[in-house]
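Working through the structure, step by step
One letter stands for each residue in the lines below.
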Amino acid sequence: MFFSIEMGYKDKLDKDNIPEHVAIIMDGNGRWATEKGQMRLVGHATGVESVRESLTAASEINVKFLTLYAFSTENWNRPKEEVDGLMDLLVNTISNEIESLNNNDVRLLTIGNTPDLPDSCRNELLNAIKRTEKNKGTVLVLALNYSAKNEIKQAIKRIAEEYKSGDIELDDIDDELVENHLYTAGIPDPELMIRTSGEIRISNFLLWQLAYSELHFTSVFWPDFKKEDFYRAIYEYQTRERRFGLIGEQLNELDKND
Ligand code: FPP
C-alpha cells in the first residue's frame, strides 16, 4: 500500500534562518466566541491555549523573543465585565504558569505602562518576572497596557529632559539612543509580526520596531491558532526576500561577502 507522510511546516523550516524575534497581535477571541454562541470571555480563556501553543512552538525552534499584544491602552474602553475578566485571566494564567515557564527555561518580560495596571496584576507580573529572570531560553514579552504612540511619547519626553539638562547634545539623538528609551530597550526588532483574525492593521503596536518587519496576516481567529499556524508563518517569512531598502542585486553581493 502506498501512502505519503505529509511533512509539517516545522520540518520544512530552514534552521539557519529562524527569526530572532516574532511579535503577535492575538486577535479574534471575541468573534470566535460569538460564532459559537459563547461569552467573549470564553474566547479569551480559550486564547490562553494558543498562547501556550505559540510559546512552545517558538521555544522548539529557538525563537529568542516572542512578544504578544495582550492588552492595549484602548482595551480599557471595553465593557467593565470584559476588562475585569481579562485582568483576572492574566493574573490567574501567570500565577498558574510560572512553574511551567521555569521548567521550559522561559523568561517573562513586559512592555507597556505596567505601573498603571491593577495592583493584583502588577504584583503577579513582578513576581513572575523575578522568578523567571535567570532563565536562558525564549523570552516571552507581554505587551500590557501598551500603546506604541505612548511608548514613543515617553521616549521623546525623556530624551528632551536629557537634552535640557545637558546630558546629551542634539547630534547624540540617533536610532540607538531612541531605541534605548523605548520599552523594548535591549530587545532586537521583530523580523516578523503576525496578526490573526483577518484584520490587516498594526493597531498602535510596536510602531518604531516594525519599520522593517515582515507582516503575516491570517484569517484564523486567535483561539484556533495552533503550533502549525505558527510554523507556517515562519515558513512563509523564510520564503520572502528582506531588502531593507536595497535592490536584489545588492543583497546578492552582501550574501557573497558573508
Ligand atoms: C483580542 O481579541 C484579544 C485580546 C484583547 C486579549 C488577548 C488575551 C488573551 C489571549 C488571554 C491572556 C493572555 C496571556 C498572555 C496570558 P478581541 O477580543 O479583540 O477579539 P474580536 O476582535 O473578535 O472582538
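I will try to describe carefully the structure that is included in this document. Counting starts from 1 at the beginning of each chain's written sequence and moves along it residue by residue. For a predicted model such as this one, the threshold for reporting local features is a pLDDT of at least 70, and the threshold for listing and counting side-chain atom pairs is 80 or more; totals across whole chains, interfaces and linings nevertheless cover every residue. To obtain the side-chain values, all non-hydrogen atoms of the structure were used and water was disregarded.

Observations regarding the pattern of salt bridges
Pairing between side chains of opposite charge can happen when their charged atoms approach one another. Test applied: Salt bridge, as used here, is a side-chain nitrogen of Lys or Arg placed within 4 Å of a carboxyl oxygen of Asp or Glu. A run of H or I in DSSP becomes a helix once it reaches four residues, and a run of E becomes a strand once it reaches two; helices and strands are each numbered from the N terminus. Burial classes: relative accessible area under 20% of the type maximum marks a residue as buried, over 50% as exposed, and values in between as partly exposed (1.4 Å probe, protein chains only).
Tallied over the full model, the rule gives 15 salt bridges. Taking the shortest distance from any N to any O, the salt bridge between Arg 40 and Glu 82 comes out at 2.7 Å. With Arg 40 in helix H3 (residues 40–60) and Glu 82 in helix H4 (residues 80–103), this residue pair connects regions lying 42 residues apart in the sequence. According to the relative accessible area criterion, Arg 40 is partly exposed, its value standing at 34%.

Quick look at the pairing of strand E3 (residues 107–111)
Within a regular strand, side chains alternate between the sheet's two faces. Formally: For two strands to count as paired, DSSP must find a minimum of two bridges between them. When the strands point away from the viewer and the path from the first strand over the helix to the second turns clockwise, the crossover is right-handed.
With five bridges connecting them, E3 and strand E4 (residues 139–146) associate as parallel partners. Within E4, the residue paired with Leu 108 across the bridge is Leu 140. Of the crossover connections in this fold, the one passing from E3 over helix H5 (residues 119–131) to the parallel E4 is left-handed.

Quick notes on a nonpolar patch on the surface
What counts here: In this scheme, patches are assembled from residues that exceed 30% relative accessible area and form no salt bridge. Like charges are connected within 9 Å, while nonpolar side chains (Val, Leu, Ile, Met, Phe, Trp, Tyr) are connected within 5 Å. Surface accessibility follows the Shrake-Rupley procedure with a 1.4 Å probe radius. Residue values consider only the protein chains on display as shielding.
A cluster of nonpolar residues, Tyr 163, Leu 170 and Ile 173, forms a patch on the protein surface that exposes about 300 Å² of accessible area. Note that Ile 173 resides in the loop between helix H6 (148–164) and helix H7 (175–180). Assessed through its relative accessible area of 37%, Ile 173 is described here as partly exposed.

What to know about the packing of aromatic side chains
For the record, the criterion: Aromatic pairs are defined between Phe, Tyr and Trp rings, using the six-membered ring for Trp, whenever the two ring centres lie within 6.5 Å; interplanar angles under 30 degrees are classed as stacked, those over 60 as edge-to-face, and all others as tilted. The criterion is that NZ of a Lys, or CZ of an Arg, lies within 6 Å of the ring centre and within 35 degrees of the ring normal, and then a charge sits over that ring.
The full count for this structure, using the stated rule, is nine aromatic pairs. Summarising the aromatic geometry, the rings of Tyr 69 and Phe 205 are spaced 4.4 Å apart at their centres and angled 10° between planes, so their arrangement reads as stacked. Residue Tyr 69 is located in strand E2 (residues 65–72), and its partner Phe 205 is located in the loop between strand E5 (192–195) and strand E6 (214–217); the two are separated by 136 residues in the primary sequence. Per residue, the accessibility class of Tyr 69 equals that of Phe 205, and both read buried. With centroids separated by 5.9 Å and ring planes inclined at 65°, the aromatic side chains of Tyr 146 and Tyr 183 adopt a geometry described as edge-to-face. Of this pair, Tyr 146 sits in strand E4 while Tyr 183 sits in the loop between H7 and E5; the two residues are 37 residues apart in sequence, bridging distant segments of the chain. By relative accessible area, Tyr 146 is classed as buried at 0%. Taken together, the aromatic side chains of Tyr 69, Tyr 146, Tyr 183 and Phe 205 make up a single cluster linked through ring pairs. Across from the ring centre of Tyr 9, 4.8 Å away, lies the NZ or CZ of Lys 12, which sits over that ring. Above the plane of the ring of Tyr 235 lies Lys 12, whose end atom (NZ or CZ) is 5.7 Å from the centre.

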